[in-house]
Amino acid sequence: MPVLRLHNSLTRTREVFAPIDPGHVRMYVCGPTVYDLAHVGNARPVVVFDVLARLLRRLYPKVTYVRNITDVDDKINARAAASGESIGSVTARTAADFHADMAALGALPPDVEPRATEHITDMITIIERLIQNGHAYAADGHVLFSVASFAEYGHLSGRSPDDLLAGARVEVATYKENPGDFVLWKPSTDDLPGWDSPWGRGRPGWHIECSAMSWRHLGESFDIHGGGNDLLFPHHENEVAQSLCCFPGSTFARVWLHNGMLNINGTKMSKSLGNFFTVRDVLAKAPGEAIRMLLLRGHYASTVEFSEDLLADCKRDLDRWYRALERAPAAAGEVPASVMAPLCDDLNTPLAFAGMHALADAAMAGNTEASAGLRAAGDLLGLLQYDSTAWFRGGDDAAEIDALVQARIDARKERNFARADEIRAELAARGLALEDKGGATIWRRE
RNA sequence: GGUCCGGUGGCAGAGUGGUGAUGCAGCGGAUUGCAAAUCCGUCAAUGUGGGUUCGAUUCCCGCCCGGACCUCCA
C-alpha cells in the first residue's frame, strides 16, 4: 500500500498519515452555511476533500467522512427576515441547491451530513461541561469560552492572545472577561430561532456546532479535520479549544488540512467583495468536470486562479482525454503510479494531471493499457466519468446532426466543397465541430 | 499595526542544492479539398540585493510586490 503523506497545519510539516484506527479512517470537513447559492470558491473545499475521501477509500477498508450543514446562523436569519421567506424554507431550499451543484461537480455525498439544528442538545452538553470544567462562564444571557483558561489557545493558528489583542478591530462586548473570549451560546429574542437551555431561550454561537457534530459522529478524537484556510482563525482555533477543554485527554483532530482560496484577478472570491460566480452560473457555461478540474489544477493548499479562459483550458484538456479514451477504449484498470504517487504525496493533483497527460498521449497512440490507467485515474479524481460519446455527442438533437453530417459527406463525395463548407459552418455556429477521418466524419460539441 | 503565505516562460502551474515538469497559447512542418483532430519540431521563466556553498530557483538575511487572517465576522 502506498504511503500517504499530508501536510498537517497543526505541526506545519508534511507527515506520514497514520490513522488512529487503520481499520476506520474518520474525517470531518466544515460544510456550508445554507443561506445562499454556493459560489465556485465555496466549491473548492468540497472538491478537494472529495478527492481526499476517494483516495482514503482506496487506501483504507473503512472511511467515515462527515461534512456538516450549518442551518442556524445570523446570516440565515437576516436573509429570511429580508425576503419574508421562513428560515426553514431558506435552509431547505439552499441545502437542496447545494447538493445539486456539488453533485454536478462530481463530488460524492459525505457519509454523514449532520445539521446543526439537530445537535442542539449535544452543544448544550458540551457547554455545560465547559462551565463545570471552568473553561466557560455565563454572563448577561450569554455563555462565553474563557480563552485564559486554556494555555494552548492560539496553538493551531500560530497566534498568541497578545497578538490578537493588538489587532482587535471589533469593539469588545462588555460582558466578556477577556477580549478574546468567544460566544458559545447567546440569547434569542422572540423573532429569532431559539432553543430552551439552562441559560434561557437562545441559540448557539458559531463554533460550537462543529465540536458537537464531530464528537457525535466521529468521537472525541479523530483523524482529519479539513476546511478553508480562512477558517483557521478564529473558527478552527475555537473548535479545538472547546473540544480539548470539554474532553480532557482527547486529541480532537490529529491532522488539520486547509485548502487555499480561489482567486479572481488575484483576490479571494468572496460574497462580501461581490467578485464571485455561483456554481450554478458557471455550470451553464462549462461542464462540471471542467470546473472540477480547474479547482484541482493547483495544489490544494495554494490559491488557485479562476477565469473563463482557464475554464476553457480545462475543457480542452478534458476533450483531449476523452478523445484518447475513445481512441483506445478500455475499462478502468489499476491507477498508475504516475498518478497515485503524486496524490499520496500531499494530494499533488497538478502533478497527477501531468501523469494523466502522459497516459493520454499513450492512449492516443492506441495503448489500451494506458487508456485503462487514464480511466482509473479519472475515477480516483472524479473526472472522466462519462462515456466519450456522451461527453461529445450527448443531447436530443443527435439524429438531426447526424443527418446534416451525412449530407456533408455526400456533398464532399461529389466534390461540392462549397455545400460541404456551408454545412460545416452551419454546425459550427451551433457549437459543433467536425473531424474528417478517412471516409468517416465524427462530430462533437465544443 | 499584528500574524502568516506567496512571488517560476504570454497564461496557468509542479518539482528540485548540480544542466527548470506538465497543460494551454505562439511559431515551423506533416496530414487535410480547406479545416478540425492527430503527430513531429521549436521559442520562452525562477521579483530584487546580499550571504552560505565547489555549485542556489531550491537554504539564510534585507528590500520590493501581491494575497489571506486578526474573535459572537458586514
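Rules used in this analysis
Residues numbered from 1 in each chain as written. Chains lettered and ligands numbered in written order. Predicted model: local features only at pLDDT ≥ 70, side-chain atom pairs only at ≥ 80, totals over all residues. Heavy atoms only, no water. Helix = DSSP H or I, 4+ residues; strand = E, 2+ residues; numbered from the N terminus. Buried < 20%, exposed > 50% of the residue type's maximum accessible area, 1.4 Å probe, protein only. Contact = heavy atoms within 4.5 Å. Areas by Shrake-Rupley, 256 points an atom, 1.4 Å probe, with all protein chains shown as cover. Near = heavy atom within 4 Å. Polar contact = N/O pair within 3.5 Å; in protein donor to acceptor, adjacent residues only side chain to side chain. Nonpolar A, V, L, I, M, F, W, Y, C, P; charged D, E, K, R; others polar. Pairing = 2+ DSSP bridges. Axes fitted to C-alpha atoms, helices over the stretch in contact; angles between N-to-C directions. Salt bridge = Lys/Arg side-chain N within 4 Å of Asp/Glu carboxyl O. Phe/Tyr/Trp six-rings, centres within 6.5 Å; stacked < 30°, edge-to-face > 60°. Lys NZ or Arg CZ within 6 Å of the ring centre and 35° of its normal. Parallel < 35°, antiparallel > 145°, perpendicular 65-115°, else oblique. Arc of directions from axis to C-beta.

A. Region of the structure containing the overall build of chain A. Helices and strands together make up the secondary structure of chain A, namely 16 helices and 15 strands. Across its three principal directions, the C-alpha atoms of chain A cover 90 × 55 × 35 Å. In chain A, which comprises 446 residues, the proportion classed as buried is 51%. Across chain A, every contact between residues at least 6 apart in sequence was considered, and the portion connecting residues at least 24 apart equals 75%. Total accessible area computed for chain A in this model is approximately 19200 Å², and 51% of it derives from carbon and sulfur atoms.

B. How the structure looks around the protein's contact with RNA strand B. Around RNA strand B, a shell composed of 49 residues is seen, among which Tyr175, Lys268, Asp317, Asp421 and Arg424 lie nearest. Each atom of RNA strand B within 4 Å of the protein belongs either to a base or to sugar and phosphate, the latter forming 62%. Between Glu435 and RNA strand B, the recorded distance is 3.5 Å, taken from a side-chain N or O atom to a sugar or linking oxygen. For the surface near RNA strand B, the element with the highest residue contribution is helix 10 (residues 308-327), accounting for 6 residues. By residue class, the composition of the surface near RNA strand B is 17 nonpolar, 11 polar and 21 charged.

C. Summary view of the sheet that holds strand 5 (residues 136-139). Ordered by their spatial adjacency, 4 strands build an open sheet running 5-6-7-8, and the pairing between neighbours is antiparallel. Of all strands in the sheet, those with a lone pairing partner are strand 5 and strand 8 (202-204), marking the two edges. Across the sheet, the axes of successive neighbouring strands diverge by a mean angle of 20°, strand direction being ignored. When strand 5 meets strand 6 (residues 142-145), the two strands line up antiparallel, connected through 4 bridges.

D. Region of interest: the sheet that holds strand 3 (residues 25-29). Read from one edge to the other, the open sheet built from 4 strands follows the order 4-3-9-10, with strand pairing classed as parallel. The two strands at the open ends of the sheet, each matched to only one other strand, are strand 4 (63-67) and strand 10 (252-259). Within this sheet the neighbouring strands show an average axis-to-axis angle of 20°, counted without direction. Sheet topology places strand 3 next to strand 4; 5 bridges connect them, and they run parallel. Within strand 4, the residue paired with Val29 across the bridge is Arg67. Strands in contact with helix 6 (residues 208-218) are strand 3, strand 4, strand 9 (221-228) and strand 10; relative to strand 3, the strand with the most contacts, it is inclined by about 160°.

E. Region of interest: the pattern of salt bridges. Taken as a whole and judged by the stated rule, the model has 30 salt bridges. Measuring nitrogen to oxygen at the nearest pair gives 3.0 Å for the salt bridge that ties Asp74 to Arg203. Placement of Asp74 in helix 2 (residues 74-83) and of Arg203 in strand 8 is noted, with a sequence separation of 129 residues between them. One salt-bridge network, held together by shared partners, links Arg323, Glu435, Arg444 and Glu446.

F. Broad picture of the packing of aromatic side chains. Inspection of the entire model under this criterion finds 12 aromatic pairs. When the centroid spacing of 5.0 Å and the interplanar angle of 20° are considered together, the rings of Phe145 and Phe182 count as stacked. With Phe145 in strand 6 and Phe182 in strand 7 (residues 182-187), the pair connects residues that are 37 residues apart, well separated along the chain. Between Trp215 and Phe247 the ring centres are 5.1 Å apart and the planes differ by 40°, which places this aromatic pair in the tilted class. Remark: Phe247 occurs in the loop between helix 7 (232-246) and strand 10 and Trp215 occurs in helix 6; sequence separation between them is 32 residues. Cluster of aromatic residues (ring-pair linked, three or more members): Tyr322, Tyr386, Trp391 and Phe392. Stacked on the ring of Trp215, the Lys or Arg Arg216 has its end atom at 5.2 Å from the ring centre. Here Lys271 stacks its cationic end above the ring of Phe276, 5.8 Å away from the centre of that ring.

G. A look at the packing of helix 1 (residues 40-59) against helix 9 (residues 288-296). At a minimum axis distance of 9 Å, the contact between helix 1 and helix 9 shows a crossing angle of 80°. With respect to each other, helix 1 and helix 9 are oriented roughly perpendicular. Packed against helix 1, whose contacting residues are Val40, Ala43, Arg44, Val47, Val48, Asp50, Val51 and Arg54, the element helix 9 presents Ile291, Arg292, Leu295 and Leu296 at the interface. Looking at side-chain class alone, the contact of helix 1 with helix 9 contains 8 nonpolar, no polar and 4 charged residues.

H. Broad picture of the environment of Tyr35. Here Tyr35 is to be found in the loop between strand 3 and helix 1. Its relative accessible area of 15% is what places Tyr35 among the buried residues. Note: C-alpha distance between Tyr35 and Gly366 (331 residues apart in sequence) is 49 Å. Filtering out sequence-adjacent residues up to four positions away, Tyr35 remains in contact with Lys75, Ile76, Arg79, Val90, Thr94 and Lys271.

I. Spatial organisation of helix 2. Of all the residues in helix 2, the buried ones are Ile76, Asn77 and Ala80. When helix 2 is viewed along its axis, its buried side chains cluster within an angular range of 100° and face the same direction. Among the residues of helix 2, the N-terminal cap falls to Asp73, whose side-chain oxygen and the backbone nitrogen of Lys75 are separated by 2.6 Å. Of the residues flanking the end of helix 2, it is Gly84, one or two places downstream, whose phi is positive at about 85°.

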